[in-house]
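# Close look at the chain arrangement
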Amino acid sequence: MFIIPVLDCLAVGLTRGAADQYLAVLGYLLVFPVIWLSATKHRSGAITAILATLLSAVLPPIILGTGFTKADFVRIVLLPVILATIALTVYAVYNVLCLQRRLLGKQQTEVQELLRASEEREHLLGTVMDTVSVGVCALDAQGRTILTTAAPAAAPVPAAPATSLAEASKWGRVEGDGHVFLTIDGAEHPVGQYPGVSNDEALAYFARKYDDVVAQVVLLEQRVSSKAPSTDMQKTVTHLRGQLAERNMVGDLRSAEARLDKLAAEIGELEKTEKAEHDAVRASELAAREAIVSEAEQISGQDPAQTQWKTSSARMNELFETWKTAQKSGVRLGRSNEDALWKRFRAARTVFDRHRRAYFSQLDSNNSAAKTAKEKLIAEAEALSTSTDWGFAAGEYRRLMDQWKASPRASRKDDDALWARFRAAQDAFFTARQAANDEIDQEYAANLTVKEALLAEANTILPVKDLAAAKKALQSVRDRWEEAGKVPRADMGRVEAGLRKVEDAVRHAEEEQWQRSNPERKARTNSALSQLESAIAGLQEDLAKAEKTGDQRKIKAAQEALEARQAWLDQIQRSASELS
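What comes next concerns the included structure. (Residues numbered from 1 in each chain as written. Predicted model: local features only at pLDDT ≥ 70, side-chain atom pairs only at ≥ 80, totals over all residues. Heavy atoms only, no water.)

In this section: the packing of aromatic side chains. Following the criterion strictly, the structure yields 17 aromatic pairs and no others. An angle of 80° between the planes, with centres 5.0 Å apart, marks the rings of Tyr205 and Phe206 as edge-to-face. For Phe206, a relative accessible area of 4% translates into the label buried. Ring plane angle 35° and centroid distance 5.3 Å describe the contact between Trp309 and Tyr359, whose orientation is recorded as tilted. Here Tyr359 lies in helix α10 (residues 335-384) and Trp309 lies in helix α9 (residues 309-329), a separation of 50 residues in the sequence. For Tyr359, a relative accessible area of 26% gives the class partly exposed. Each member of the aromatic cluster is reached from another via a ring pair, and the members are Trp309, Phe352, Tyr359 and Phe360. Across from the ring centre of Trp323, 5.1 Å away, lies the NZ or CZ of Arg289, which sits over that ring. Cation over ring: Arg349 sits above Phe320, and NZ or CZ is 4.0 Å from the ring centre. (Phe/Tyr/Trp six-rings, centres within 6.5 Å; stacked < 30°, edge-to-face > 60°. Buried < 20%, exposed > 50% of the residue type's maximum accessible area, 1.4 Å probe, protein only. Helix = DSSP H or I, 4+ residues; strand = E, 2+ residues; numbered from the N terminus. Lys NZ or Arg CZ within 6 Å of the ring centre and 35° of its normal.)

What follows is about the environment of Ser230. Among the secondary structure elements, Ser230 is positioned in the loop between α6 (199-225) and α7 (233-245). Contacts of Ser230, omitting those with residues within four sequence positions, involve Leu270, Glu271 and Glu274. (Contact = heavy atoms within 4.5 Å.)

Okay, the pattern of salt bridges next. Taken as a whole, this structure holds 27 salt bridges when the rule is applied. Here Arg173 and Glu175 are joined by a salt bridge, their closest N and O atoms 3.4 Å apart. Under the relative-accessibility criterion, Arg173 is labelled partly exposed at 34%. Two residues, Arg399 and Glu396, come together in a salt bridge whose shortest N-O distance is 2.5 Å. With Arg399 and Glu396 both in helix α11 (residues 390-406), this residue pair falls 3 residues apart, about one helical turn. Bridged by salt links that share partners, the residues Asp185, Arg247, Arg254 and Glu257 form one connected network. (Salt bridge = Lys/Arg side-chain N within 4 Å of Asp/Glu carboxyl O.)

Here we take up α7. In this model α7 runs 18 Å from its N-terminal to its C-terminal C-alpha over 13 residues, within 8% of the 18 Å that 1.5 Å per residue would give. Contacts made by the buried residues of α7 are with α6 and α8 (253-300). Phi turns positive one or two residues past the end of α7, at Arg247, with a value near 55°. (Expected span 1.5 Å × (residues − 1).)

A word on the pairing of strand β5 (residues 187-193). Where strand β4 (residues 179-184) meets β5, 6 bridges bridge the pair, whose relative direction is antiparallel. When the bridges of β5 are listed, Phe181 appears paired with Pro190. Connecting β4 to the next strand, β5, in antiparallel fashion are 2 residues, including Asp185 with a positive phi near 55°. (Pairing = 2+ DSSP bridges.)

Turning our attention to the nonpolar core. Of all hydrophobic cores here, the largest spans 30 residues; its most connected members are Val180, Met233, Leu244, Val250, Leu253 and Leu260. Those elements that provide at least two residues to this core are β4, α6, α7 and α8. Counting residues per element, this core draws most heavily on α6, which supplies 11 residues. When residues no more than four places from it in sequence are discounted, the contact partners of Met233 are Leu220, Arg223, Val224, Ala228, Ile267 and Leu270. Leu454, Leu455, Ala470 and Val495 belong to the second-largest nonpolar core, a separate cluster that totals 16 residues. (Core = buried A, V, L, I, M, F, W, Y, C linked by side-chain atoms within 4.5 Å.)

Between Leu462 and Pro463 the backbone carries a cis peptide bond, its omega angle lying at -10°. Relative to the assigned elements, Pro463 resides in the loop between α13 (445-459) and α14 (467-484). Despite not being glycine, Lys227 shows a phi value in the positive range, around 60°. Considering the arrangement of structural elements, one finds Lys227 in the loop between α6 and α7. Judged by relative accessible area, Lys227 falls into the exposed class, the value being 62%. For Arg247, which is not a glycine, the phi torsion comes out positive at approximately 55°. Here Arg247 shows up in the loop between α7 and α8.

Let us now look at the sheet that holds β4. The sheet built from 3 strands is open, its strands ordered β3-β4-β5 with antiparallel pairing. Edge strands, defined here as strands with exactly one partner in the open sheet, are β3 (172-174) and β5. The mean inter-strand angle of the sheet, taken between neighbouring strand axes irrespective of direction, is 25°. In this sheet, β4 lies alongside β3 in antiparallel orientation, the contact comprising 3 bridges. Paired with Val174 across the strands is Val180, a residue of β4. Most of the contacts of α6 go to β3, to which it runs at about 140°, and overall it touches β3, β4 and β5. (Axes fitted to C-alpha atoms, helices over the stretch in contact; angles between N-to-C directions.)

Between α6 and α8, the least distance of the axes is 11 Å, while the angle of their chain directions is 20°. Looking at the two axes, α6 sits roughly parallel to α8. With respect to the hand of their crossing, α6 and α8 are arranged in left-handed fashion. Between α6 and α8, the residues in contact are Tyr210, Val214, Val217, Val218, Leu220, Glu221 and Val224 and Leu253, Ala256, Arg259, Leu260, Leu263, Glu266 and Ile267, respectively. The residue makeup of the contact of α6 with α8, split by class, is 11 nonpolar, no polar and 3 charged. (Parallel < 35°, antiparallel > 145°, perpendicular 65-115°, else oblique. Left-handed = near helix turned anticlockwise from the far one by under 90°. Nonpolar A, V, L, I, M, F, W, Y, C, P; charged D, E, K, R; others polar.)

In structure tokens form, the structure reads like this:
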């Protein structure tokens, strides 16, 4: 197998040497025969590859007669070193892969042997459980029940009757030398010879052989009637048929064969029933496995952003444990079904794990970004905590609080710690501001006493009866109010509201006086009075005319119009009297 790659090396070397510098790149083709030679289990392949590369560099100058130059000596040394490194690397990689392949093959063989041994033990255990006539209960080391079988109902096993000599003589005879013959369907068949005994003893000997076969038939009938597992029952029927076919016994063989025919049919029905039950159990187990896989796929198909990871992870672990339990103690579903379901289940678990890792990785990234943003806000808040520019700093704290609320949340632990730092900086500032305000309030306490006295004085103006006197008294209070100075912040709103109340009352009285003395309004009122008086005079004339004619409809209309105009006139006259 080494001849072809060695010749390839020599051919590449000769071609490269003949073409000189024009096809120097042909030297790279040596890599392929080197890989070919080195990819073996034996070191000889790698050694041959190294020698072939050396010959491909040495032989061409000798064969072509070109001699050696300095460049040739460099190529003779450098090229084999490079290709030798490649050869050793390929040899090492190939042997590592071969070793791994052998280990995998060995492991696969061991798994198959374990599986086969497990199936044999399971079959043996089932046979034993079906055979024993008592109930069995098996417990594990923790006392948990792992296997129970109910005791079968006791059923009497009918004993096979022994064939009497009279009955045996119907189916066979003995000659004087001990030869025994069997009669079937009118034809005799030699059974065997039992010399040295009487004819009855010889006939009884071969009759007992028939009784042994009949006893096995009776036992098989009992197993069939009790619905015992049908495993190997057909083999038993075939074995008994073979014994009867040997014709080495005396008895009613046709009757035994008929019983075996009947048993074969009953065993066939029993096998169909068992197969149907097994298929039902298998279908139920397949549905249970399918439910496990479907639920796992449903969990893995959830939106990662909406998934409850703690609950879903716990449920996925429960499904995996359920799968292992079913795989260990459940009904075999066939290699194709189990492999297909396992691939789906494994794929669902893989997708779920990938989504979970991606979600928490993104969550960590988001938490880190949120933590960075909030730490920046905390740095600004801590820098403002020592400020004495109360108005500016309070506005900045409101801005920082708005940004804090708009920022994304970090993890609960980190977010609580960050908030505690931010709140501490705020508390430090507002505590200092409150202390400064308290000092100011103490300074303004005397001013409050003065303003409260002025407020009491202002309240004596109410109600306003003399507008001019009230305005003069209010102006006096205002002048002294400004001179009194500031009051504590807590009382500022109260005293200012009290003074505004008096000011509003005086202003309202002034507006009312203006409304009463408004010339434009008086002119409109006088004009309306003149128009109404003229209208009333006209209506009175119409009423008089209607009364003369006796027209009740016109009288009624004139009276209603006159009453309405008179009411309007009275109202305007009252308003005019108020203005005057």
